[in-house]
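Breakdown of the fold
Here's the letter readout for the chains.
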Amino acid sequence: MSNYPNKFSIELEGYTPTLKRLRQISRLLDNAVTVPGTDVGIGLDPIIGLIPVGGDVISLVFSIYIIIESAKLGVSKSTIGRMIVNIIIDGLAGAIPMLGDIFDVAWTANKYNIKLLEDYLQAPGEKKKADQSFVLLLFVGLILLAIVLISLPVIVIGTIWKALFG
């Protein structure tokens, strides 16, 4: 049984096309193929993560897109903050060669973020929209995270190389 809701289960007027697109991206990254006989799904995120240095950045770009679209839908700053924490965990753990790719199978940050988005859009409670300056600051912060994710493996690989080959 998939952890994703049926594409027709949440029909929020005005949000449906965007939600559908974001769900598809999330499913592709986190749960594209289910391992036969299990509930375990593997998406492109751990596979792309096998590409040295740039693989995790490619996945991060898609995760950033989900968050930016969520902010455009009016998701609150606190929910956006929780989404960012999910992709920071995914990005930093994913930057560890090989172990990070195993972690990516278990930690499905995009799926969690879609769930946060849907919960927020369904909740009748407080709906404080994220302002444009917050979205810009968010974008800059996520770009800095991408730079760190590129730099970290390069530094680690360089250090290992020097230790092995002088």
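See above for the structure.
All of the points below concern the structure found in this document. From a predicted model like this one, the values you see are computed outputs, not experimental measurements. (Residues numbered from 1 in each chain as written. Predicted model: local features only at pLDDT ≥ 70, side-chain atom pairs only at ≥ 80, totals over all residues. Heavy atoms only, no water.)

**With respect to the overall build of the protein chain**
Note the threshold: The helix count covers DSSP runs of H or I at least four residues long, the strand count covers runs of E at least two residues long, and both are numbered beginning at the N terminus. Exposure is judged per residue with a 1.4 Å probe applied to protein chains only, and the accessible area is read against the type maximum: over 50% gives exposed, under 20% gives buried, and values in between give partly exposed. Contacts are assigned to residue pairs that have any heavy atoms within 4.5 Å of one another. Note that accessible areas follow from Shrake-Rupley with a 1.4 Å probe, and for residues the cover is restricted to the protein chains shown.
Each helix and strand counted, the protein chain has seven helices and two strands in total. Ordered by position in the sequence, the α and β elements of the protein chain form the string α-β-β-α-α-α-α-α-α. Within the protein chain, the proportion of its 166 residues that are buried is 41%. Contacts spanning at least 24 positions in sequence make up 66% of the contacts within the protein chain whose residues lie at least 6 apart. When the accessible surface of the protein chain is summed, it comes to about 9500 Å², and 71% of that surface belongs to carbon and sulfur atoms.

**Here's the deal with the environment of Gly49**
Relative to the helices and strands, Gly49 is located in the loop between α2 (44-48) and α3 (54-72). Note: C-alpha distance between Gly49 and Asp101 (52 residues apart in sequence) is 6.0 Å. When near neighbours in sequence (up to four residues on either side) are disregarded, Gly49 contacts Gly55, Asp56 and Asp101.

**Comments concerning α3**
As a reminder of what qualifies: Multiply 1.5 Å by the residue count of a helix minus one, and that product is the helix's expected span.
In a regular helix each residue adds 1.5 Å, so 19 residues correspond to 27 Å; α3 covers 27 Å between its end C-alpha atoms and thus fits that length. Positive phi shows up at Gly74, right after α3, with a value of about 95 degrees.

**Description of the environment of Ala109**
Summarising the element assignment, Ala109 is placed in helix α6 (residues 109-122). The exposure class of Ala109 is buried, given its relative accessible area of 1%. A C-alpha to C-alpha distance of 9.0 Å links Ala109 and Ile88, two positions 21 residues apart in sequence. Not counting residues up to four positions away in its chain, the partners in contact with Ala109 are Asp30, Asn86, Ile87 and Asp90.

**Here's the deal with the nonpolar core**
Considering soluble globular proteins, one finds that nonpolar side chains tend to be buried as a cluster. Heads up, the condition is: We call a set of buried Ala, Val, Leu, Ile, Met, Phe, Trp, Tyr and Cys residues a nonpolar core when their side-chain atoms join them within 4.5 Å.
Of all hydrophobic cores here, the largest spans 30 residues; its most connected members are Leu60, Ile67, Ile80, Ile87, Leu117 and Leu142. Looking at this core, the elements with two or more residues in it are α1 (16-30), α3, α4 (77-94), α6 and α7 (132-165). Counting residues per element, this core draws most heavily on α3, which supplies seven residues.

**Structural notes on the packing of α1 against α6**
Counted only if it meets this: Here, axes are lines fitted to C-alpha atoms. For helices the fit covers the stretch in contact, and angles between N-to-C directions go from 0 to 180 degrees. Roughly parallel means an angle under 35 degrees; roughly antiparallel means over 145; roughly perpendicular covers 65 to 115; every other angle is labelled oblique. Take the far helix as the reference: if the near one is turned anticlockwise from it by less than a right angle, the crossing is left-handed, and if turned clockwise, right-handed. Classification convention: Asp, Glu, Lys, Arg as charged; Ala, Val, Leu, Ile, Met, Phe, Trp, Tyr, Cys, Pro as nonpolar; all other residues, Gly among them, as polar.
One can describe the packing of α1 onto α6 by two numbers: an axis separation of 8 Å at closest approach and a directional angle of 155 degrees. In terms of axis orientation, α1 runs roughly antiparallel to α6. Judged by the sense of rotation from one axis to the other, the crossing of α1 with α6 is left-handed. Within the contact between the two elements, α1 uses Leu19, Leu22, Arg23, Ser26, Leu29 and Asp30 and α6 uses Ala109, Asn110, Lys111, Ile114, Leu117, Glu118 and Leu121. Among the residues forming the contact of α1 with α6, the class breakdown is seven nonpolar, two polar and four charged.

**Notes on the environment of Asn110**
Looking at where Asn110 falls in the secondary structure, it is placed in helix α6. Given the relative accessible area of 1%, Asn110 is considered buried. Sequence separation between Asn110 and Arg27 is 83 residues; the distance between their C-alpha atoms is 8.0 Å. Discounting chain neighbours no more than four positions away, the residues touching Asn110 are Ser26, Leu29, Asp30, Ser63 and Ile66.

**A few points about α6**
For α6, which comprises 14 residues, the first-to-last C-alpha distance of 20 Å matches the rise-based estimate of 20 Å (1.5 Å per residue) to within 8%. For α6, the tally of buried residues reaches ten of 14 residues, placing the bulk of the element in the interior. Of all the positions in α6, only Ala109, Asn110, Lys111, Asn113, Ile114, Leu116, Leu117, Glu118, Tyr120 and Leu121 are classed as buried. Where the residues of α6 are buried, they touch α1, α3 and α4.

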